[in-house]
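# Observations on chain architecture
The residues making up each chain are set out below.
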Amino acid sequence: MLVSAKDMLQKAKAGHYAVGHFNINNLEWAKSVLLTAEECKSPVILGVSEGAGKYMTGYKTIVGMVNGMLEELHITVPVALHLDHGSYEGCLKCIEAGFSSVMFDGSHYPIEENVAKTKELVALCAEKGISLEAEVGSIGGEEDGVIGAGECADPNECKMIADLGVDFLAAGIGNIHGKYPANWQGLSFETLDAIQQLTGTLPLVLHGGTGIPEDMIKKAISLGVSKINVNTECQLAFAEATRKYIEAGKDLEGKGFDPRKLLKPGADAISATVKEKMELFGSIGKAE
Ligand code: 13P
């Protein structure tokens, strides 16, 4: 059964590790992430952007697929199905469809409007036992058409949103979706520290997990980050493994064109990436 991400992230914050949020795109993605989480005895969050939701034909399809996998694959670790960077309407749709967690990204609104909309969703989610992530200060780069400038959040605004009763908070600290440019300044630990001072035990979320050096990830966890989002890195691993398979002519050998064979190297590459991240984030064995 899908669970809210609230408990798993509170435990992670208290235990000084982070739970990985991995964006999914299709059956191979969901299956690889779930089987790896089970193998690693790690809690996990499956992230679905609005674009990926459309691609997979709608939120109900995803809920059906993931719930089916939990049962058929005998998944025992805690799994949350989470809307990533949702609009207000997207959150309502996912709550209705059976997601166990949603993110409302109101970072592009003036803070008053972000507060007002987040507040409404806090009440709705609490009623249904669904966890809610909010965002202050946009995350840089582009993800599924959501473009952010990569700013550092105002810690006082973070406190305003935290005080509404959200379950975890994403705050911009110079992080960017996708690959980091060569001249990237790195994460602003000063900002992160200031945010944690004001938000206390609230789990913080680090978006743009792809390409952040390991020492920065560890430092971010030590400063209160309990959820780390990874998307591009799984996509790159999938594409590279699939390219190698085709370039080696494997699809032309025997029944190598069978999608179950053709997509396997990519699916295995996603699993390897997820495992590597779980090791780095310290979540392995935490679901035992
Ligand atoms: P990356 O694509 O940079 O890993 O970011 C993922 C993310 O933050 C999803 O919200």
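Residues numbered from 1 in each chain as written. Predicted model: local features only at pLDDT ≥ 70, side-chain atom pairs only at ≥ 80, totals over all residues. Heavy atoms only, no water.

## So, the overall build of the protein
Within the protein one finds 12 helices and 10 strands. Its C-alpha atoms give the protein a radius of gyration of 18 Å, near enough to 19 Å, the size a compact globule of 288 residues would have. If one aligns the C-alpha atoms of the protein with their principal axes, the spans along those axes are about 60 × 45 × 35 Å. Burial statistics for the protein: of 288 residues in total, 55% are counted as buried. Within the protein, contacts between residues separated by at least 24 positions form 71% of all contacts whose residues are at least 6 apart in sequence. Surface exposure of the protein reaches about 12800 Å², of which carbon and sulfur atoms provide 53%. The centroid of the 26 positive side-chain charges in the protein is displaced by 6 Å from the centroid of its 39 negative side-chain charges. (Helix = DSSP H or I, 4+ residues; strand = E, 2+ residues; numbered from the N terminus. Rg over C-alpha atoms; globule rule 2.2 N^0.38 Å. Buried < 20%, exposed > 50% of the residue type's maximum accessible area, 1.4 Å probe, protein only. Contact = heavy atoms within 4.5 Å. Areas by Shrake-Rupley, 256 points an atom, 1.4 Å probe, with all protein chains shown as cover. Lys, Arg positive; Asp, Glu negative; His and termini not counted. Charge placed at Lys NZ, Arg CZ, Asp CG, Glu CD.)

## A short note on unusual backbone geometry
The residue H16 is not glycine, and still its phi comes out positive at about 60 degrees. Among the secondary structure elements, H16 is positioned in the loop between α1 (6–15) and β1 (19–23). For H16, a relative accessible area of 61% gives the class exposed.

## Side note on the side chain of S100
Checked against the element boundaries, S100 lands in the loop between α5 (88–97) and β4 (101–104). Only 3.0 Å separates the side chain of S100 from the backbone nitrogen of L81, close enough to count as a polar contact. (Polar contact = N/O pair within 3.5 Å; in protein donor to acceptor, adjacent residues only side chain to side chain.)

## Some details on the pattern of salt bridges
A full pass over the atoms with the stated rule returns 10 salt bridges. The salt bridge involving D163 is made with K159; its shortest N-O contact spans 3.0 Å. Given the relative accessible area of 54%, D163 is considered exposed. (Salt bridge = Lys/Arg side-chain N within 4 Å of Asp/Glu carboxyl O.)

## Digging into the pairing of strand β3 (residues 79–86)
Side-chain positions along a regular strand alternate between the two faces of the sheet. Burial runs high along β3: 8 of the 8 residues are buried. Two elements, strand β2 (residues 44–49) and β3, share 6 bridges in a ladder whose sense is parallel. In the strand pairing of β3, G47 is matched with H82. As judged from the 3 bridges shared by β3 and β4, these two strands associate in the parallel manner. Bridge pairing links L83 to V102 in β4. (Pairing = 2+ DSSP bridges.)

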